[in-house]
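# Fold and contact review
Chain by chain, the residues run as shown.
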Amino acid sequence: MDLLNLEDIAEAMNLLEICWQFRSARVLMAGHQLGIFEALRTPKSSKQLAQECKTDHQMTERLLIACCSLGIAERQGDKFALTNLGQNLLLPESPRFIGGILGHYENLWWFWTGLAEVVRTGRRDAAPSAPKEFEERWHEFWIWAMHGIAANGVGQWLAENLDLSDRNLLLDVGGGPGTYSIILCQKFPNLKAVIWDLPKTLAIAEQIVKRFGMEERITLQQGDWNKDEFGLGYDCLLMSNILHGPNSQADMKLKKAYRAMKPNGLLIVHDFLLNDEKTGPSPAALFNLMVGSYSVSEMLDVIEKSGFRDARLVAYHQKRGAGLITAFRP
Ligand SMILES: C[S@@+](CC[C@H](N)C(=O)[O-])C[C@H]1O[C@@H](n2cnc3c(N)ncnc32)[C@H](O)[C@@H]1O
């Protein structure tokens, strides 16, 4: 083989880089778990930081250099400080904090660690468990993770691609932290929203709605889609990340949505979606491996079969492998 002339050298290098990408994720998780980012609220030398966080000085300095390379920290003379991005994403007082994402991904890490065994056996529980301190906070991290994702680009993308200027009352089914409701209400002054979810989740949504000062326009409604109807009289209804493929009971949820909506009501579905050939894109394929995903046309089909009309893909976020679909309740 002539090693000097390879056709796929760029692709090979990309693939090798993908094999190593876990390192950056672990830098963020380790920095968060060790309390390094919070300790960097004020600039510090690596020695001061190591003392405060009870870590090894040399390794702390190396971790900080890696944080600089990721754009979340910077050098200020002989000290390190968080960049604006670091402050916005890594300090708990920031409304865009991603601590929930880092905790949630620590939990998911163990599924991916056990992937070979999961695929061999077909059993998700064949993967090792996450450390107890993370597993015990699974729900809390999960819901805060949904907030971190929505607040850092996905919510803005959703709002950019929807026109709800002639809508008054949005039902956000399985609304989680409620961040999509918040951002849509911020964009459309006429809109009010109801976040419909399990009590445990609403306890978190309540804090988030309050934090954004939206209590006047966003209310919380307890419900369990396995036994409750969604209510009545909504002129738009959001189902974000609750129709994850064929095992998600999408049909049952969509029929309840139909009954909750007024004629000409707008259904909005936001989810990971595979392309119709089911070959990607990668974020949707990876989500499908962990949870499940419909292809775009499968999702459109399920929506139309539940009685909705004019289901169409209004936007597709290639980098996230997620699509935004709207449809009308006749
Ligand atoms: C993946 S999260 C999606 C949250 C939010 N819609 C988003 O896109 O960020 C799924 C949500 O469904 C809620 N959920 C799960 N089972 C439920 C049930 N039986 N009834 C109502 N909500 C449920 C969870 O509490 C969670 O908030």
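Everything numeric in this text was worked out from a predicted model, so none of it was measured. (Residues numbered from 1 in each chain as written. Predicted model: local features only at pLDDT ≥ 70, side-chain atom pairs only at ≥ 80, totals over all residues.)

## Examining the domain arrangement of the protein chain
- Domain assignment breaks the protein chain into domain 1 (9–90), domain 2 (99–141) and domain 3 (152–328).
- Each of domain 2 and domain 3 has a C-alpha centre, and the two are 25 Å apart. (Domains from an automatic or database assignment.)

## Observations concerning the site of the ligand
- The environment of the ligand is formed by 16 residues, the closest being M146, G174, G176, S240 and N241.
- At three residues, the largest contribution of residues to the shell around the ligand is made by helix α10 (residues 138–160).
- Residue classes in the shell around the ligand are distributed as six nonpolar, eight polar and two charged. (Near = placed C-beta within 6 Å. Helix = DSSP H or I, 4+ residues; strand = E, 2+ residues; numbered from the N terminus. Nonpolar A, V, L, I, M, F, W, Y, C, P; charged D, E, K, R; others polar.)

## Some details on helix α11 (residues 179–187)
- Of all nine residues in α11, seven are buried; the element is thus mostly enclosed.
- Turning to α11, its buried residues number three or more, namely T179, Y180, S181, I182, I183, L184 and C185.
- Elements that come into contact with the buried residues of α11 comprise α10, β3 (169–173), β4 (192–197), α12 (199–211), β5 (218–222) and β6 (234–240). (Buried ≥ 20, exposed ≤ 12 C-beta atoms within 10 Å, placed from the backbone. Contact = placed C-beta atoms within 7 Å.)

## Side note on the packing of α10 against α12
- Axis separation between α10 and α12 bottoms out at 10 Å; the angle between their running directions is 45°. Relative to α12, α10 is oriented oblique. Between α10 and α12 the crossing geometry is right-handed. Of the residues in α12, those in contact with H139, I143, W144 and H147 of α10 are K200, T201, I204 and I208. (Axes fitted to C-alpha atoms, helices over the stretch in contact; angles between N-to-C directions. Parallel < 35°, antiparallel > 145°, perpendicular 65-115°, else oblique. Left-handed = near helix turned anticlockwise from the far one by under 90°.)

## Points about the pairing of strand β10 (residues 322–328)
- Counting buried positions along β10 yields six of seven residues, so the element is predominantly enclosed.
- For strand β7 (residues 261–274) and β10, the ladder comprises seven bridges, and the chain directions are antiparallel. Bridge assignment links D271 to a residue of β10, and that residue is G323.
- Of the strand pairs in this sheet, strand β9 (residues 309–317) and β10 are connected by six bridges, and their pairing is antiparallel. (Pairing = 2+ DSSP bridges.)

## Observations regarding unusual backbone geometry
- Cis rather than trans, the peptide bond between G280 and P281 has omega equal to -5°.
- Checked against the element boundaries, P281 lands in the loop between β7 and α14 (282–290).
- Unusually for a residue other than glycine, K54 sits at a positive phi of about 55°.
- Within the element layout of this structure, K54 appears in the loop between α4 (46–53) and α5 (57–69).
- A count of 8 C-beta atoms within 10 Å places K54 in the exposed class.

## Structural notes on the packing of helix α2 (residues 22–33) against helix α7 (residues 99–113)
- Relative orientation of the contacting elements α2 and α7 amounts to 115°, with a least axis distance of 10 Å. When the axes of α2 and α7 are compared, the pair comes out roughly perpendicular. Both α2 and α7 take part in a crossing whose hand is left-handed. Residues A25, L28, M29 and H32 of α2 form the contact with α7, whose own contacting residues are G99, L102, Y105 and E106.
- Residue composition of the contact of α2 with α7, grouped by class: five nonpolar, two polar and one charged.

## Section: α12
- A rise of 1.5 Å per residue sets the reference length of α12, with its 13 residues, at 18 Å; its end C-alpha atoms lie 19 Å apart and thus fit the reference within 8%.
- Every buried residue of α12 is accounted for by T201, L202, I204, A205, I208 and V209. Looking straight down α12, one finds that the buried residues subtend no more than 160° of arc, so they occupy a single side. Across α12 from its buried face, at more than 90 degrees, point the exposed residues P199, K200, K210 and R211.
- Immediately downstream of α12, the backbone of G213 shows phi near 65°, a positive value. (Expected span 1.5 Å × (residues − 1). Arc of directions from axis to C-beta.)

## Here's the deal with the environment of L63
- For L63, the location among the structural elements is in helix α5.
- Excluding residues within four positions of it along the chain, L63 makes contact with V27, A30, G31 and I36.

## Concerning the environment of E106
- For E106, the location among the structural elements is in helix α7.
- The exposure class of E106 is buried, given the 21 C-beta atoms found within 10 Å.
- For E106 and I9, which are 97 residues apart along the polypeptide, the C-alpha to C-alpha distance reads 33 Å.
- In contact with E106, other than residues within four places in its own chain, are M29, A130 and F134.

## Let's talk about the nonpolar core
- Among the nonpolar cores identified, the biggest contains 84 residues, and L170, V173, L184, L237, L267, M299 and I303 are the most heavily contacted of them.
- Ranked by residue count, the leading element in this core is α10, at 10 residues.
- Ignoring sequence-local partners within four residues, the contact set of V173 consists of W196, F230, L237, L238, M239, I242, K253 and A257. (Core = buried A, V, L, I, M, F, W, Y, C linked by C-beta atoms within 7 Å.)

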